Amino acid sequence: MIFKFISHLMNMKKLSFTLIGVSALIAVACSSISTKLDFRNPSEDSALLESQKSEIYVPYKQITFGPNAHWFAYYDKNETDPTGRYVLAMRTSFEDRMPESTDTIEIGMVDTLDNCKWIKLGTSSAWGWQQGCQLQFLPGTKSEVIWNDRENGKYVSRIMDIYTKKVRTIPMPVYAVSPDGKWAVTVDYARVNDMRPGYGYSGNADKYADQNFPSEAGIWKVDLTTGKTKLIISHADVMKIPNNLDPEFADAKHWFNHLLVSPDGQRFIFLHRWKYPDKERREKYRSVGSFGTRMFTASADGKDLRVIDPYNYTSHFIWSPDSKSVVAWTKIPHIKNGTKGFGFFDIADSNKENIKQVGKGVMLTNGHNTFLGNNPEWILNDTYPIGEKRQQTIYLYNTKTNKRYDIAKLHMSSKLFSPLRCDTHPRSTPDGKKVIVDSNHSGKRQIYIFDVSSIISNSL
């Protein structure tokens, strides 16, 4: 086996392999596969994984390879087509600096049933490390993908059919797309880039940079058929809703981030964030990025605004499959249903507060949480780097048994500090049997697939 051969060579004193060399040999192993996605037993690669300061507990496969870096970015989008065969990714020649307006990345997909073949789809000059260019398979379709780009100095979005390669351009970028793929909501990426580098796009200036909460900017609704857009929620609109836990927040600069449409398409989430100009008032939010956050939901037309997490500490979240609540990492400052402090909480999408902790004593740290294949019984999650090995743990949590099952612990290089970091951002395939992650534990950002079917079956 090629991995045993690699391990043998790595243990020889007279020979040393660079991580790029190892990746090249792995690529040869991938090229021997045809018509099906074969997973490796991690025990075969124990020496290699140990050298990479990583641990894997289920069958897995690397599907992208150097010399270029590959990643998908955020965790709440469709990375594969409905069959799970094609896996979307972005490709770049560097990963050690922030993107500039002249930097273009390649958009493509991996054919997992044809020797890990890379298929180029297009390019983008509107992207960031944490959320890429919002690349995803367009919900409600079998073969269309969408991503953000820049054209004539303006941010736009491209929609392409992966089979015909026919492309149409929408004159507005997208952030979150509706489940039927007919509309999207979006924000001002220039403002996001100013307030939180790594999540917005470079190249364009925020028109309202001198305003704390402009009335002419905010969240737009985009018709993905006609391209028509409408401002449905402005920064000034949300400031009309008092913040009793931070009454001075009008002194801060505000922006919107992390939009997500509910599974039934009736409402969407957005995070309302603000950052004070002075270090003293930013200090109370130090543990969550030094900015305050309220979580809102709104109807698809931007009406019926609800502050469902008013406690100013919301981080990662996901809609429940039934669209009735949101599971989010936040901080409850006072005892609520017997709990207090940081944790994951199920928060009802209602004008009447209803908050219950999820994963108490098990999901102990912030992570990128989703439901595995939209199954309410299983939460897919990860951690930020922990311990001397800087390992990010990817795991499954069973909501019925309150048990956690680790999938892998992957090292993240200390050279990739925020906002350059390579979060794993775990995503599940449509059938809920596989998990896809980004990781640079082999020395460069690449994409890996884990077979978690044994965890699901053995827990029954």
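Presented here is a report on the structure given in the accompanying data block. Small disclaimer: the values here were computed from a predicted structure and weren't measured. (Residues numbered from 1 in each chain as written. Predicted model: local features only at pLDDT ≥ 70, side-chain atom pairs only at ≥ 80, totals over all residues. Heavy atoms only, no water.)

### Here's the deal with the pattern of salt bridges
For step 1, the next point in the chain: Per the stated rule, a full pass over the model turns up 26 salt bridges.
For step 2, the next point in the chain: Between Arg427 and Glu79 there is a salt bridge, with its nearest N and O atoms 2.8 Å apart. Remark: Glu79 occurs in the loop between β3 (69–71) and β4 (86–92) and Arg427 occurs in strand β27 (residues 427–428); sequence separation between them is 348 residues. Comparing Arg427 with Glu79, the two get one shared label, buried.
For step 3, the next point in the chain: In this structure, the salt-bridge partner of Glu248 is Arg281, at a minimum N-O distance of 3.4 Å. Taken together, the residues span a long stretch of sequence, with Glu248 in the loop between α5 (235–239) and β15 (253–261) and Arg281 in helix α6 (residues 279–282) at a distance of 33 residues. (Salt bridge = Lys/Arg side-chain N within 4 Å of Asp/Glu carboxyl O. Helix = DSSP H or I, 4+ residues; strand = E, 2+ residues; numbered from the N terminus. Buried < 20%, exposed > 50% of the residue type's maximum accessible area, 1.4 Å probe, protein only.)

### Re the environment of Ala69
For step 1, the next point in the chain: Note on placement: Ala69 falls in strand β3.
For step 2, the next point in the chain: The sequence separation of Ala69 and Thr383 amounts to 314 residues, and the corresponding C-alpha distance is 22 Å.

### What about the environment of Tyr155?
For step 1, the next point in the chain: As for its position among the elements, Tyr155 is in strand β9 (residues 154–161).
For step 2, the next point in the chain: Here the alpha-carbon distance between Tyr155 and Ala300, two residues 145 residues apart in the chain, equals 23 Å.
For step 3, the next point in the chain: Setting aside its immediate chain neighbours within four residues, Tyr155 contacts Ala126, Asp149, Arg150, Pro171, Met172, Pro173, Tyr189, Ala190, Tyr201, Ser202, Gly203 and Asn204.
For step 4, the next point in the chain: At 3.1 Å, the side chain of Tyr155 forms a polar contact with the backbone oxygen of Ser202.
For step 5, the next point in the chain: Within the local environment of Tyr155, its side chain forms a polar contact with the backbone nitrogen of Asn204, the two atoms lying 3.4 Å apart. (Contact = heavy atoms within 4.5 Å. Polar contact = N/O pair within 3.5 Å; in protein donor to acceptor, adjacent residues only side chain to side chain.)

### Remarks on the packing of aromatic side chains
For step 1, the next point in the chain: Scanning all chains against the criterion turns up 22 aromatic pairs.
For step 2, the next point in the chain: Centre to centre, the rings of Tyr175 and Tyr189 are 5.9 Å apart; their planes meet at 10°, and the pair counts as stacked. Within this pair, whereas Tyr175 is found in the loop between β10 (167–170) and β11 (176–177), its partner Tyr189 is found in helix α4 (residues 189–195), the two being separated by 14 residues in sequence. Side by side, Tyr175 and Tyr189 carry an identical accessibility label, which is buried.
For step 3, the next point in the chain: Judged by centre distance (5.1 Å) and plane angle (70°), the rings of Trp329 and Phe344 are edge-to-face. Here Trp329, found in strand β20 (residues 325–336), pairs with Phe344, found in strand β21 (residues 339–348); they are 15 residues apart in sequence, far enough to count as distant.
For step 4, the next point in the chain: One aromatic cluster in this structure is built from Phe249, Trp274, Tyr285, Tyr313, Trp329, Phe342 and Phe344.
For step 5, the next point in the chain: When the ring centre of Trp183 is taken as origin, the NZ or CZ atom of Lys221, which lies over that ring, is 4.5 Å away. (Phe/Tyr/Trp six-rings, centres within 6.5 Å; stacked < 30°, edge-to-face > 60°. Lys NZ or Arg CZ within 6 Å of the ring centre and 35° of its normal.)

### Notes on the sheet that holds β4
Hydrogen bonds between backbone atoms are what pair the strands of a sheet, whose relative direction is either parallel or antiparallel.
For step 1, the next point in the chain: The strand order across the open sheet formed by four strands is β3-β4-β5-β6, and the pairing between neighbours is antiparallel. Edge positions in the open sheet fall to β3 and β6 (117–124), since each of these has one partner strand only. The average undirected angle you get between the axes of adjacent strands in this sheet is 35°.
For step 2, the next point in the chain: Across six bridges, β4 lies against strand β5 (residues 105–111) in antiparallel orientation. When the bridges of β5 are listed, Leu88 appears paired with Met109. (Pairing = 2+ DSSP bridges. Axes fitted to C-alpha atoms, helices over the stretch in contact; angles between N-to-C directions.)

### Quick word on unusual backbone geometry
For step 1, the next point in the chain: Between Gly66 and Pro67 the backbone carries a cis peptide bond, its omega angle lying at 15°.
For step 2, the next point in the chain: Relative to the helices and strands, Pro67 is located in the loop between β2 (60–62) and β3.
For step 3, the next point in the chain: With omega at 5°, the peptide bond leading from Ser418 into Pro419 counts as cis.
For step 4, the next point in the chain: Inspection of the secondary structure puts Pro419 in the loop between β26 (403–411) and β27.
For step 5, the next point in the chain: Of note in the backbone geometry, Gln134 takes a positive phi value of approximately 60° without being a glycine.
For step 6, the next point in the chain: Turning to its location among the elements, Gln134 is positioned in the loop between β6 and β7 (136–137).
For step 7, the next point in the chain: At Ser290, a position not held by glycine, the phi torsion is positive, near 70°.
For step 8, the next point in the chain: Residue placement: Ser290 occurs in the loop between α6 and β17 (292–299).

### Topic: the nonpolar core
For step 1, the next point in the chain: One finds Val185, Ile219, Ile233, Leu259, Phe268 and Phe270 to be the most contacted residues of the largest nonpolar core, which totals 36 residues.
For step 2, the next point in the chain: When contributions to this core are tallied by element, the ones reaching two or more residues are β12 (183–186), α4, β14 (229–234), α5, β15, β16 (267–275) and β17.
For step 3, the next point in the chain: If one sorts the elements of this core by residue count, β15 sits on top with four residues.
For step 4, the next point in the chain: Listed in part, the 25 residues of the second largest apolar core include Val327, Ile347, Met363 and Phe371. (Core = buried A, V, L, I, M, F, W, Y, C linked by side-chain atoms within 4.5 Å.)

These values are about where atoms sit, not about what they do.
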